[in-house]
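If you want the building blocks of each chain, they are given just below.
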Amino acid sequence: MTIPEVEDLRRALAQGGKSAAVLLAGGDDAVREGVLEVVAEDMKRTASPVAVVRLDAEGPKTDAWARLGAMASDSPLFGEGTVVLITSVGSGAKIPPDLTAFLESPAPYLRLLLCAEGKAGKSPLATKVAAIGSVIAPAMLKDRQIQALISQGAREAGISMDARAQDALLDLVGTDRAALDQAMVLLAEFAGRGGRVTEADLFGLVQRSRRPTPWDLQDAISERDLARAVKVAVRELEDARDTRGEAISLFHKVVRQVRTLRTAQAMVARGASTDDCMERLGLKHEFKWDMTKRGAARFQATELDAFLKEAPAAEIRIKRGSAGPEPLILDLLARLLGGAKKARA
C-alpha cells in the first residue's frame, strides 16, 4: 500500500536530502516499516551490506542509548552500514547524552530512525534531527481517508469488495494501515486474483484491531450520527473487562459532550468571541471550536436541556438497574440522537 509520508521521504532522499537521522513522530507500524525500508535502501548506495538493529528505549533502565553510542564509536572495517531503529523515544523534550553526541556528529556508517510520540514533532529533539535529516509527523487519518485506502488496497490486491465489506473492514481495523495491509494479503489469498470479498468473508479472516480514540464518541454526537455512536459504544462495551464500569464511563462522556454543546449554543447566542469560547471550553485549536459550533447547531437548546434534566435518572438506571448496561447505553444515545437530523453547517 502506498503511504504518502513514506513516498515523500523516498523522493527527498533520492534528490540528495539529508539522511543521517529520521524522527517519526506518531504513525503506525506500516509507516514505521515503510520509513525503515526507505532509509535502508538509501544507505545501500554508500554501504554494503546494510544491517538493521532494533532497540527499545522504553523505561529508565534501557540500554538503547548506550548501545547507540557504542555502535557510533565502532567503525566497520569493510564498508558495512547499519540502520538503528529505536522505538519508545518519548516526547523528545529530553535528549540522552549518547543521542546528543550522535546528532551533533553523526557516524557515516550509521543511519538512525527514532520512533516517538506525536508531540515529539515540535520538540527540541525534532530541531536537532532536522539539522541532519528528516522529521516526519504522519497525519491522523479520518475514516473517509481509510475508506479510500481500502478501495486502493483492494485494487492493488486484485480483489473486489462491495460497500458493506469495505465498511466492515474499516470497523475492524480502523486507521491502522499495518493491519489493513495484513488484511488485504489474507483476503487476496482467500478470494484469489479477481475474486470478490463480502462482509461475511471478513469474519474469521480479519482480527479486529481497531483502537478507539477518545474523540470517537464525541465526534459521533456532534455529527448527530446515531449509527456511528452506537457502533462506538458497543465496541467499547465489548472490549471492557468491567462492562458496567465502562457503561458508566460512556454515560459521563455523553453527558460531558452534551454540556459542551449546550455551552457552545449559549455563547454563540450572546455573541461571544472565538477566543472567549475556546477559553471557556478549554479548546486549544480553532478547528475544534468550529467543529463544536457546527455540532451545537444540529440540536435545539430544548433537546439538550431535556436530556440533561433526565441524566441523573439515567445514571441511576445504569448504576443500579437490573437490565444489562448495553441496552441502557443504546437507549441513552437513541434519546439524544434519534430525533430529526438538523442540516449540517
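**Observations concerning the overall build of the protein chain**
In step 1: Assigned secondary structure in the protein chain consists of 16 helices and seven strands.
In step 2: The dimensions of the protein chain, computed from C-alpha atoms along their principal axes, are 75 × 55 × 40 Å.
In step 3: Counting every position in the protein chain, which comprises 345 residues, the buried fraction comes to 43%.
In step 4: Long-range contacts, defined as pairs at least 24 residues apart, comprise 79% of the intrachain contacts of the protein chain with a sequence gap of at least 6.

**Overview of the nonpolar core**
In step 1: Judged by nonpolar contacts, the single largest core of 33 residues is most densely connected at Leu217, Phe251, Val254, Ile329 and Leu336.
In step 2: Listed by contribution, the elements that provide at least two residues to this core are α10 (216–222), α11 (226–239), α12 (243–269), α13 (274–281), α14 (286–296), α15 (301–320) and α16 (325–337).
In step 3: Considering each element in turn, this core owes the most residues, nine residues, to α12.
In step 4: In contact with leucine 336, not counting residues within four places along its chain, are Ile221, Arg224, Val254, Val258, Phe299, Leu304 and Phe307.
In step 5: Ranked by size, the runner-up nonpolar core spans 27 residues in total, among them Leu68, Leu110, Leu112 and Ala126.

**A closer look at the side chain of threonine 87**
In step 1: With respect to the helices and strands, the residue threonine 87 is situated in strand β3 (residues 81–87).
In step 2: Not counting residues up to four positions away in its chain, the partners in contact with threonine 87 are Arg32, Leu55, Asp56, Ala57, Glu58 and Cys115.

**Digging into the side chain of glutamate 5**
In step 1: With respect to the helices and strands, glutamate 5 occurs in helix α1 (residues 4–14).
In step 2: Overall, glutamate 5 belongs to the buried group, its relative accessible area being 14%.
In step 3: The contact partners of glutamate 5, leaving out residues within four places of it in the chain, are Ile136, Pro138, Ala139 and Arg177.

**Description of the sheet that holds strand β4 (residues 110–116)**
In step 1: What the five strands build is an open sheet, ordered β2-β3-β4-β1-β5; its pairing is parallel. Pairing within the sheet leaves two strands with one partner each, and these edge strands are β2 (50–56) and β5 (133–136). Neighbour-to-neighbour, the strand axes of the sheet open up by a mean angle of 15 degrees, direction not taken into account.
In step 2: Note that strand β1 (residues 21–25) and β5 share four bridges and pair parallel. In the strand pairing of β5, leucine 23 is matched with valine 135.
In step 3: Along the sheet face, helix α2 (residues 29–43) touches β1, β2, β3, β4 and β5 and points at about 160 degrees away from the line of β3.

**Some words on unusual backbone geometry**
Backbone phi values are negative for most residues with the exception of glycine, while trans is the configuration of most peptide bonds.
In step 1: In this structure, proline 49 follows serine 48 across a cis peptide bond, with omega equal to -5 degrees.
In step 2: Mapping proline 49 onto the fold places it in the loop between α2 and β2.
In step 3: Positive phi is not limited to glycine here, since arginine 224 has a value of about 50 degrees.
In step 4: Assignment of secondary structure puts arginine 224 in the loop between α10 and α11.
In step 5: Given a relative accessible area of 1%, arginine 224 falls into the buried group.

**Considerations on the confidence of the model for the protein chain**
Interpretation of this model should avoid reading the predicted coordinates in detail wherever pLDDT is low.
In step 1: Chain-level statistics for the protein chain give a pLDDT mean of 88 and a share of 96% at 70 or above.
In step 2: Segment residues 341–345 is flagged for pLDDT under 50; beyond a separation of four residues in sequence, or across chains, it makes 12 contacts in the model.

**Points about the packing of helix α4 (residues 97–104) against helix α5 (residues 124–132)**
In step 1: Direction vectors running N to C along α4 and α5 enclose 30 degrees, while the axes themselves pass 9 Å from each other. By the angle between their axes, α4 is roughly parallel relative to α5. Handedness of the α4/α5 crossing: left-handed. Residues Leu99, Leu103 and Glu104 of α4 touch α5, and the partners they reach there are Leu125, Lys128, Val129 and Ile132.
In step 2: Class assignment of the residues belonging to the contact of α4 with α5 gives a composition of five nonpolar, no polar and two charged.

**Describing the packing of α11 against α12**
In step 1: Running from N to C, α11 and α12 cross one another at 150 degrees; their axes reach a closest spacing of 8 Å. Between α11 and α12, the crossing angle belongs to the class labelled roughly antiparallel. As α11 runs across α12, the sense of the crossing is right-handed. For the pair α11 and α12, contact is made by Ala233, Glu236 and Leu237 and by Thr243, Glu246, Ala247, Leu250 and Lys253, respectively.
In step 2: Here the contact of α11 with α12 is composed, by residue class, of four nonpolar, one polar and three charged.

**Observations concerning the pairing of β4**
Side-chain positions along a regular strand alternate between the two faces of the sheet.
In step 1: For β4, the buried fraction is high: seven of the seven residues fall into the buried class.
In step 2: Of the two faces of β4, the one carrying Leu110, Leu112, Leu114 and Ala116 and the one carrying Arg111, Leu113 and Cys115 are both buried.
In step 3: As paired elements, β1 and β4 share five bridges and run parallel to each other. Considered in β4, the bridge of leucine 24 is made with cysteine 115.
In step 4: A crossover connection joins β3 to the parallel β4 through α4; in handedness this β-α-β unit is right-handed.

Calculation criteria
Residues numbered from 1 in each chain as written. Predicted model: local features only at pLDDT ≥ 70, side-chain atom pairs only at ≥ 80, totals over all residues. Heavy atoms only, no water. Helix = DSSP H or I, 4+ residues; strand = E, 2+ residues; numbered from the N terminus. Buried < 20%, exposed > 50% of the residue type's maximum accessible area, 1.4 Å probe, protein only. Contact = heavy atoms within 4.5 Å. Core = buried A, V, L, I, M, F, W, Y, C linked by side-chain atoms within 4.5 Å. Pairing = 2+ DSSP bridges. Axes fitted to C-alpha atoms, helices over the stretch in contact; angles between N-to-C directions. pLDDT = per-residue confidence, 0-100. Parallel < 35°, antiparallel > 145°, perpendicular 65-115°, else oblique. Left-handed = near helix turned anticlockwise from the far one by under 90°. Nonpolar A, V, L, I, M, F, W, Y, C, P; charged D, E, K, R; others polar. Right-handed = clockwise from strand over helix to strand, strands pointing away.

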